[in-house]
Amino acid sequence: MLALLARPALAAEPLAGLLPSPVLTNADSRTGIDLSGPWHYSIDPYRDGLAGFHGGAAGAGHRRYDDLDVADAMRKDPNALYEYDMQRSPVAKLPGSWITHDRTLRHYDGLMWYQRMFDAAPRPDERAFLRFGAANYTARVYLNGTFAGMHEGGSTPFAFEVTKILRSGRNQITVGVDSTRTADSVPPPATDWETYGGITRPIRLVLTPTTFVDDFWIRLTRNGRIAATVRLNGAQASDQPLHVAIPAIGFSLDGKTDADGAWSGEAAAPASLHLWSPEQPTLYDVQVTAGADVLHDRVGFRTIAVRGEDILLNGRPIFLRGISLHEEEFGENPARDITPEAARALLATAKSLNANYVRLAHYPHSEITTRMADELGLLVWSEIPVYWLVNFANPATLITARRMLAENILRDRNRASIILWSVGNETPQSEVRLTFLSQLVDDVRALDDTRLVSAALFARRVERGGHPEMLIDDPLVSRLDVMAVNTYNGWYTSDPLSSLPSIAWRSDYDKPLILSEFGAEALAGYYDPRQLHKFSEEFQAEYYRQTLAMTDKIPFLRGMSPWILKDFRSPRRQNPIYQQGWNRKGLVSEIGQRKEAFGVLAEHYRLLATKWATSKPSGSGARQ
Ligand code: GCU
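Residues numbered from 1 in each chain as written. Predicted model: local features only at pLDDT ≥ 70, side-chain atom pairs only at ≥ 80, totals over all residues. Heavy atoms only, no water.

Let's shift gears to the overall build of the protein chain. Of the regular secondary structure elements, the protein chain holds eight helices and 35 strands. Its C-alpha atoms give the protein chain a radius of gyration of 25 Å, within 12% of the compact-globule value 25 Å for 624 residues. Along the first, second and third principal axes, the C-alpha set of the protein chain runs to 85 × 60 × 60 Å. Considering only contacts within the protein chain whose residues lie at least 6 apart along the sequence, 73% involve residues at least 24 apart. For the protein chain, the exposed surface amounts to about 23,900 Å²; the carbon and sulfur share of it is 54%. Considering the protein chain, the positive charge centre built from 68 side chains and the negative charge centre built from 73 side chains are found 3 Å apart. (Helix = DSSP H or I, 4+ residues; strand = E, 2+ residues; numbered from the N terminus. Rg over C-alpha atoms; globule rule 2.2 N^0.38 Å. Contact = heavy atoms within 4.5 Å. Areas by Shrake-Rupley, 256 points an atom, 1.4 Å probe, with all protein chains shown as cover. Lys, Arg positive; Asp, Glu negative; His and termini not counted. Charge placed at Lys NZ, Arg CZ, Asp CG, Glu CD.)

What follows is the structure in structure tokens.
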């Protein structure tokens, strides 16, 4: 019996071995070559480019990554047989999913090869890295016919050093991207959003000095000090003097790296420091100098904490007036190509809801978006896609999730807008799931002790005194700073909308609650005043009025991110009249048409903003 009670052991790999290397903090600020733009593409549904038809090595006639031009090779050897020709294959603009390259690829799910040529002039005092903002889901990278590296995970950056294989003059880069996911992937195959296979974020050749600042993190601690952590990469990483400076406030730190090339230091924050907030998103130029390398970033300084049922931003209780987003630009035919303009359009629409917070669901969004949130003043919930039926019993799946979490945190921990790291969404409860998610919580604590940890959970619906009650008793909550629950009474249930305000909420924990999702679908422009049946704008608006009335009665509620800002592609949603392959819970349509419910939520947030504007600083005198 005891064996049954013992928690299933998922052998915990040391976190240090799962961290990305290189990190290349703020890589886009470094010199290099932008490799976005026209690439040739060639589908490979049976993966002939990776293995022969009996499973051996791929044949010369199929290796898309070989360092040759097929037309030249065929001219030189008339007997040669090539069943591909990358340089004469169709061309598409990257980044952006292949589903919009041409109509035949709208539903392609498999291996796609991309190739382009570029000129380089490598120098002996430089190192070269091929860096991808993201490629969904597995990417294999080759330079001049040599394998450079492989990455699993569709929403986090990765880079491979190519210093030794980069040529002066013409170079050929080939990438095999496979969108296929298995039951062991993160996420598994069944989700509620379009896969968007392909290279969906910018590609760059990043150049650095031979020893460079690889990982840099600077933040305001809860006791009012500015702390910095630096890790160098290169032959001169150890015992290296370094200097961290925030010139605008006359702040600086000096230090020397240890034998591992690492250093951390801190000092009291100057009184002149303006704290970052949604109302005043102050960003400072920060620079770290180490030997021949100078790395810059633009960073905001603030604190986030919980105290009982309150969430404290810079020591003041706040309410998170939020909305959820997928990473999908406005337009009738999105390709998940998030440019600064696309990110600004999405986040500006959130701001026009009187929001101060966004849930970037269900995977790490583009760095362009998190930097835009820093600039526009929106607090951010950032999450990895540990979504629904993850194979919690598989140690390899846990390693995939841990790597993904570390890649997300190390990419974005200089982003003041991010206040919450989420470790899961609507995962079914079990002992092995609790162990799996608890490990992720431990990793967050180890990588970032300045932010809060949460996860989107389910509440249990019970009857109490003849009334429905939502009870939050998920054992994972004891590991979290903030409880978060997705709830859809009145949409996925037959509750009359008029009954929603009478639904009570109860929790076993003295912690803040965020309603991380609630929502209803409406086809923009579909009105049906005669009867409030589903998919009309009136139904969605009335759903919001009644659900918001319910939220007003939850004493420990400190935030919400209704589902969702914009209609988004989902293969699960195939009602031919109202959905057509789109999840219509957006408050605006895919082309930005505002639905009636948009105004209902915007007014609710206007009143909440007024009510919370007078919140008092926390009891302690120390700066938060
Ligand atoms: C779930 C899930 C979302 C999904 C939404 C819906 O809560 O977290 O990914 O899109 O509900 O059903 O629309």
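With that out of the way, let us pick up the sheet that holds strand 3 (residues 91-94). Ordered by their spatial adjacency, six strands build an open sheet running 3-2-4-10-7-8, and the pairing between neighbours is antiparallel. The open sheet has two edge strands with one neighbour each: strand 3 and strand 8 (146-152). Sheet twist, expressed as the mean angle between neighbouring strand axes with direction ignored, is 30 degrees. Both strand 4 (residues 111-120) and strand 10 (residues 169-178) contribute to a ladder of ten bridges, which runs antiparallel. Paired with Asp 119 across the two strands is Arg 170, which belongs to strand 10. (Pairing = 2+ DSSP bridges. Axes fitted to C-alpha atoms, helices over the stretch in contact; angles between N-to-C directions.)

With that settled, consider the packing of helix 3 (residues 340-351) against helix 4 (residues 367-376). Taken N-terminus to C-terminus, the directions of helix 3 and helix 4 make an angle of 50 degrees; their axes are 9 Å apart at the nearest point. When the interaxial angle is binned, helix 3 and helix 4 end up oblique. Every pair of crossing elements has a handedness; the one defined by helix 3 and helix 4 is right-handed. In this structure, helix 3 uses Pro 340, Ala 343, Arg 344, Leu 347, Ala 348 and Lys 351 to contact helix 4, whose residues at the interface are Ile 368, Thr 369, Met 372, Ala 373, Glu 375 and Leu 376. Its residues assigned to classes, the contact of helix 3 with helix 4 shows eight nonpolar, one polar and three charged. (Parallel < 35°, antiparallel > 145°, perpendicular 65-115°, else oblique. Left-handed = near helix turned anticlockwise from the far one by under 90°. Nonpolar A, V, L, I, M, F, W, Y, C, P; charged D, E, K, R; others polar.)

Right, let's talk about the site of the ligand for a bit. The ligand sits among 14 residues. The nearest are Asp 192, His 362, Glu 426, Tyr 492 and Glu 517. Between the ligand and Tyr 387 there is a distance of 2.8 Å, counted from an oxygen atom to a side-chain nitrogen or oxygen. In the environment of the ligand, an oxygen atom lies 3.0 Å from a nitrogen or oxygen atom belonging to the side chain of Trp 563. For the ligand, the protein covers 96% of the area, taking 320 Å² as the surface of the free molecule. Looking at the shell around the ligand residue by residue, the classes come out as five nonpolar, four polar and five charged. (Near = heavy atom within 4 Å. Polar contact = N/O pair within 3.5 Å; in protein donor to acceptor, adjacent residues only side chain to side chain.)

This part is about the packing of helix 7 (residues 537-551) against helix 8 (residues 596-612). One can describe the packing of helix 7 onto helix 8 by two numbers: an axis separation of 7 Å at closest approach and a directional angle of 20 degrees. With respect to helix 8, the element helix 7 is oriented roughly parallel. In this structure, helix 7 contributes Glu 537, Glu 538, Gln 540, Ala 541, Tyr 544, Arg 545, Leu 548 and Thr 551 to the contact, and helix 8 contributes Glu 596, Ala 597, Val 600, Leu 601 and His 604. Of the residues contributing to the contact of helix 7 with helix 8, the split by class is six nonpolar, three polar and four charged.

Right, let's talk about the pattern of salt bridges for a bit. For the structure on display, the rule yields 48 salt bridges. A salt bridge links Arg 371 to Glu 367; the nearest nitrogen and oxygen atoms lie 3.0 Å apart. On the criterion of helical spacing, the pair formed by Arg 371 and Glu 367 is a turn pair, its members being four residues apart in helix 4. The shortest N-O distance in the salt bridge between Asp 495 and Arg 461 comes to 2.7 Å. Of the two residues, Asp 495 sits in the loop between strand 30 (483-486) and strand 31 (504-507) while Arg 461 sits in strand 28 (residues 460-464), which places them 34 residues apart along the sequence. The buried category is assigned to Asp 495, whose relative accessible area is 15%. By relative accessible area, Arg 461 is classed as partly exposed at 37%. (Salt bridge = Lys/Arg side-chain N within 4 Å of Asp/Glu carboxyl O. Buried < 20%, exposed > 50% of the residue type's maximum accessible area, 1.4 Å probe, protein only.)

Let us now look at the environment of Tyr 578. Within the element layout of this structure, Tyr 578 appears in the loop between strand 34 (568-569) and strand 35 (582-583). Excluding anything up to four places from it in sequence, Tyr 578 contacts Leu 523, Tyr 526, His 533, Phe 535 and Arg 584.

Next up on the list: the packing of aromatic side chains. Scanning the entire structure with this criterion turns up 24 aromatic pairs. Here Trp 193 and Tyr 387 contribute two aromatic rings whose centre-to-centre distance is 4.7 Å and whose plane-to-plane angle is 80 degrees, an arrangement assigned as edge-to-face. One end of the pair, Trp 193, is in the loop between strand 10 and strand 11 (198-199); the other, Tyr 387, is in the loop between strand 25 (379-383) and helix 5 (395-412), with 194 residues separating them in the sequence. Overall, Trp 193 belongs to the buried group, its relative accessible area being 7%. Look at Trp 491 and Tyr 492: their rings are 6.4 Å apart centre to centre, the planes differ by 70 degrees, and that puts the pair in the edge-to-face class. Under the relative-accessibility criterion, Tyr 492 is labelled partly exposed at 47%. Joined through ring pairs, the aromatic side chains of Tyr 488, Trp 491, Tyr 492, Tyr 526, Phe 535, Phe 539 and Tyr 578 make up one cluster. Taking the ring centre of Trp 217 as reference, the NZ or CZ of Arg 219 above it sits at 3.6 Å. The cationic tip of Lys 534 hangs over the ring face of Trp 491; the distance from NZ or CZ to the ring centre is 5.2 Å. (Phe/Tyr/Trp six-rings, centres within 6.5 Å; stacked < 30°, edge-to-face > 60°. Lys NZ or Arg CZ within 6 Å of the ring centre and 35° of its normal.)

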